[in-house]
Amino acid sequence: MRAMILETIGAPLRLTERPDPIPSLGEIRLRVEACAVCRTDLHVVDGDLPDPKLPIVPGHEIVGIVDAVGEGVDPDRLGRRVGVPWLGHTCGVCLFCRTGAENLCDRPLFTGYSRDGGFSSVVVADAAFGFDLDPDADPVSLAPLLCAGLIGWRCLKKAGDGKKIGLYGFGAAAHIVAQISIWQRRDVYAFTSPDDSNAQAFARDLGAKWAGSSDEPPPVELDAAIIFAPVGKLVPAALKAVRKGGRVVCGGIHMSDIPSMPYAVLWGERQLMSVANLTRADGDEFFPIARAAGVRTHTTAYRLDEANEALSDLRYGRINGAAVLVP
Ligand SMILES: [Zn+2]
Ligand SMILES: [Zn+2]
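Residues numbered from 1 in each chain as written. Chains lettered and ligands numbered in written order. Predicted model: local features only at pLDDT ≥ 70, side-chain atom pairs only at ≥ 80, totals over all residues. Heavy atoms only, no water.

Visitor: Whenever I open this one, the sheet that holds strand β10 (residues 164-168) confuses me. Can you help?
Guide: The sheet built from six strands is open, its strands ordered β12-β11-β10-β13-β14-β15 with parallel pairing. Edge positions in the sheet fall to β12 (210-213) and β15 (271-274), since each of these pairs with one other strand and no more. Going across the sheet, the axis of each strand differs from the next one's by a mean of 20°, ignoring polarity. Summarising the sheet, β10 and strand β11 (residues 187-192) pair through five bridges and their orientation is parallel. Within β11, the position partnered with I165 by the bridge is V188. Contacts from helix α4 (residues 148-159) reach β10, β13 (222-227), β14 (242-250) and β15 within the one sheet, and its direction differs from that of β14 by about 160°. (Pairing = 2+ DSSP bridges. Helix = DSSP H or I, 4+ residues; strand = E, 2+ residues; numbered from the N terminus. Axes fitted to C-alpha atoms, helices over the stretch in contact; angles between N-to-C directions. Contact = heavy atoms within 4.5 Å.)

Dropping the structure here:
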């Protein structure tokens, strides 16, 4: 197999050849068809997240075909198309696993962070955490659903039922959440970096009611806002933009420090919360909804050996939608 590996925090990924891994008990092996690139991959490469397995193959939005199964796995899964998300394994016995909150598991494994991920031609995954995907869909289009879509969906659920939804940072997750929100007959207000007219036009093309800079107020009070950009100063901005009783959901795994803010911006029973990881139940809900809503992801494809270019384009905001590696 070929894989792009991270050996040292901050270093470019390096293309390597390795023998194909053999799936162990409860595992499946996939021939990777596509793997999308997520901002979390940048956080892994930059060392923003503690104690990654090193060397590591990043990538946790994997679409592939099962070509081998380990002991204990239904051989019917051979030849199926499966998606592997960020949540790669949970302990099954901690308080959180036992109470329907496996996203908060005390002893989890995360794909592309604590177990090898999909920036490779072959990957091994825990069979119980892979989602069966539509065999007739385009694998490149499906890949961003595995994190941008899934985490975005969890954020949207946590945001509540309000009609007017603000999305801060209009990248891969927001462009999917916007489509689902509009399908749910909500109004989307998209906030981008100041003067990112390209992303604002992209949001309007997808049906956003309004798109503007994150340092300007929206034209109406919002019912809820989701912050996807890893920028702490957006927290007080979003709290100011939501109505009394409104909610602000932070969707990223890492964010710069939140600046000090007057209590008045939280007052009025506004709520601030984060979303961490995903549960398998989120996926069971989300994939049918994405299909029903007719979500169309916007992707830019890169070869596997172009992973560093893809990460760099994501870092500097040069991508509308999602970057996807195609081995
Ligand atoms: Zn657990
Ligand atoms: Zn991700």
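Visitor: Would you take a moment to explain the layout of surface pockets for this structure?
Guide: Where empty space is left in the structure can be found by rolling a water-sized probe over the atoms. Put simply, the largest pocket is a space of about 1000 Å³. R39, G171, F228, A229 and P230 are, among the 48 residues lining the largest pocket, the residues nearest its centre. Its residues assigned to classes, the lining of the largest pocket comprises 26 nonpolar, 15 polar and seven charged. Summarising the domain contributions, the lining of the largest pocket has at least three residues from each of domain 1 (2-146 + 278-326) and domain 2 (149-274). Estimates place the volume of the second largest pocket at around 260 Å³. Looking at the second largest pocket, it is lined by 15 residues, and the ones nearest its centre are A137, L142, L145, R291 and V295. For the lining of the second largest pocket, the secondary-structure elements that each account for two or more residues are α3 (139-142) and α8 (280-292). Top element by residues in the lining of the second largest pocket is α8. It accounts for three residues. Here the lining of the second largest pocket is composed, by residue class, of seven nonpolar, three polar and five charged. (1 Å grid on protein atoms, 1.4 Å probe; cavity = no way out; pocket = protein on both sides within 12 Å on 5 of 7 lines; lining within 4 Å. Points joined across faces, edges and corners; volume = space filled by probe spheres on them. Nonpolar A, V, L, I, M, F, W, Y, C, P; charged D, E, K, R; others polar. Domains from an automatic or database assignment.)

Visitor: Even after reading the chapter, I still don't get the domain arrangement of the protein chain, so can you show me in this structure?
Guide: The accessible area lost on association of the parts is a frequent measure of interface size. As assigned here, the protein chain comprises domain 1 (2-146 + 278-326) and domain 2 (149-274). Distance from the C-alpha centre of domain 1 to the C-alpha centre of domain 2: 26 Å. On the side of domain 2, 20 residues touch domain 1, which itself brings 30 residues to the contact. For the pair domain 1 and domain 2, the summed buried area comes to about 2200 Å², and 66% of that belongs to carbon and sulfur atoms. Interface area lost by domain 1 to domain 2 is led by D282, F286 and N320, which between them contribute 22%. For the pair domain 1 and domain 2, the interface holds three salt bridges. The partner of R154 in a salt bridge is D282, with the nearest N and O atoms 2.9 Å apart. At the boundary of domain 1 and domain 2, one finds eight residue pairs in polar contact (both at pLDDT 80 or more). When contributions to the side of domain 1 that touches domain 2 are tallied by element, the ones reaching two or more residues are α1 (39-46) and α8. Top contributing element to the side of domain 1 that touches domain 2 by residue count: α8, with seven residues. Tallied by class, residues from the side of domain 1 that touches domain 2 come to 15 nonpolar, 10 polar and five charged. (Buried area = accessible area lost by both parts, 1.4 Å probe. Salt bridge = Lys/Arg side-chain N within 4 Å of Asp/Glu carboxyl O. Polar contact = N/O pair within 3.5 Å; in protein donor to acceptor, adjacent residues only side chain to side chain.)

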